[in-house]
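Letter by letter, the chains look like this.
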Amino acid sequence: MLPLARGRGGGLGGFTIPEYLRRMLSFPQMDLEFSSWQMLQLCYSPTKTYRTTIWHKQTKNQWARDDPAFVAILIYLLIVSSLAFCLCFEYTSFLSIVKTIGWTVFVDFLAVGLLISSICWLVSNAYLRIPGGLHNVEQKVEYLYSFDIHCNSYFPLVLLLYVVQYFFVLFLTQSGILYTFLSNTLYLFALSYYFYVTFLGYNSLPFLQNSVCFLYPVSLLVLGYFVSLMLNFNLSIFFMNIYFGVVVD
């Protein structure tokens, strides 16, 4: 169960999930400009994004964002890109479009993201915290901060697998080892960058140690990458077939 109560440390930070959701419905209160700046920073200098978390902790006494603008923009991008893919593959019935958008937003982004956030939140609080002294205030990773890290990591992945792949999808889904190499390299870079930004998020917390463990999945990605090349298993073809039926061979 997600932590709903207010609290310092392991909870959401300074507010609750219902309050966070209410803020998502109030666009005038969102700082879209600052969130856009953070998204830009995540693409070429993600460490700068996490420097703002230290400032946020000092000014608002919580690590997590209290502004849902970043999530709102990310969901908007997912909806637009999903619609673009539907049009590209002529997957244009109303139910098909709703199904694709729903799966992309509520399963790929939210459900999987909450699962990853929960695992990282539990692991970091249980095993990675630096033991405090008698006079030190105990600190824990806020659950919403773990979700913030997922959102930060997911944005570059969206740009690569939803935007870049869209413009080259008809090229990447052709048969042949060259197309498999290009497609799978794109997926490898996108997923590896996801875990790299995740690592930076937890590494920026001064009360955690051994955050490098969040980079361990990259070694499995590299192994799977070489296996997929040996088998000529094209990931673009695989995922396009899952989402839009047997549309490419």
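Residues numbered from 1 in each chain as written. Predicted model: local features only at pLDDT ≥ 70, side-chain atom pairs only at ≥ 80, totals over all residues. Heavy atoms only, no water.

Enquirer: Mind showing me how you'd approach unusual backbone geometry here?
Expert: The general pattern is negative phi for most residues beyond glycine and trans for most peptide bonds. We note that N210 has phi near 60 degrees; this positive angle belongs to a residue other than glycine. Here N210 is to be found in the loop between α7 (177-203) and α8 (217-230). Here N232, not a glycine, exhibits a phi torsion of approximately 55 degrees, which is positive. Among the secondary structure elements, N232 is positioned in the loop between α8 and α9 (235-244). (Helix = DSSP H or I, 4+ residues; strand = E, 2+ residues; numbered from the N terminus.)

Enquirer: Would you take a moment to explain the nonpolar core for this structure?
Expert: Note on soluble globular proteins: their nonpolar side chains tend to be buried together. In terms of nonpolar packing, the biggest core is built from 54 residues, with L74, F109, V141, Y145 and Y154 touching the most fellow members. Of all the secondary structure elements, the ones that give two or more residues to this core are α2 (32-44), α4 (69-88), α5 (94-128), α6 (143-172), α7 and α9. Tallying contributions element by element places α6 first for this core, with 15 residues. Setting aside residues up to four positions removed in sequence, L74 forms contacts with M39, F109, C151, Y154, F155 and V158. (Core = buried A, V, L, I, M, F, W, Y, C linked by side-chain atoms within 4.5 Å. Buried < 20%, exposed > 50% of the residue type's maximum accessible area, 1.4 Å probe, protein only. Contact = heavy atoms within 4.5 Å.)

Enquirer: Just checking my understanding: could you explain α6 for this structure?
Expert: Since the α-helix packs 3.6 residues into each turn, any two residues three or four apart lie on the same face. For α6, built from 30 residues, the straight-helix expectation of 44 Å at 1.5 Å per residue is missed by more than 12%, its first-to-last C-alpha distance being only 38 Å. Counted residue by residue, α6 has 22 buried out of 30 residues, so it is predominantly covered. (Expected span 1.5 Å × (residues − 1).)

Enquirer: Would you explain the packing of α7 against α9 in this entry?
Expert: For any two helices packed against each other, one specifies the inter-axial angle together with the distance between the axes. Between α7 and α9, the shortest axis-to-axis distance is 7 Å and the interhelical angle comes to 80 degrees. Considering the angle they form, α7 stands roughly perpendicular to α9. Along the contact surface, α7 presents S183, N184 and Y187, while α9 presents L235, S236 and F239. (Axes fitted to C-alpha atoms, helices over the stretch in contact; angles between N-to-C directions. Parallel < 35°, antiparallel > 145°, perpendicular 65-115°, else oblique.)

Enquirer: Got a minute to help me understand a nonpolar patch on the surface in this structure?
Expert: Together, V163, V164, F167, F168, F171, I177, L178, F181 and L182 give the surface a local cluster of nonpolar side chains, amounting to about 810 Å² of exposed area. Among the elements of the structure, α6 and α7 are those that each provide at least two residues to the nonpolar patch. Its location among the elements puts F168 in helix α6. (Patch = residues over 30% accessible without salt bridge, like charges linked within 9 Å, V, L, I, M, F, W, Y side chains within 5 Å. Areas by Shrake-Rupley, 256 points an atom, 1.4 Å probe, with all protein chains shown as cover. Salt bridge = Lys/Arg side-chain N within 4 Å of Asp/Glu carboxyl O.)

Enquirer: Just checking my understanding: could you explain the pattern of salt bridges for this structure?
Expert: Between side chains of opposite charge, a pair can form when the charged atoms approach closely. Within this structure, the stated rule accounts for one salt bridge. Linking D148 and R65 is a salt bridge whose minimum nitrogen-to-oxygen distance equals 3.5 Å. Placement of the pair is D148 in helix α6 and R65 in the loop between α3 (46-60) and α4, with a sequence separation of 83 residues. On the basis of relative accessibility, which here comes to 3%, the residue D148 falls in the buried class. By relative accessible area, which is 12% here, R65 ends up buried.

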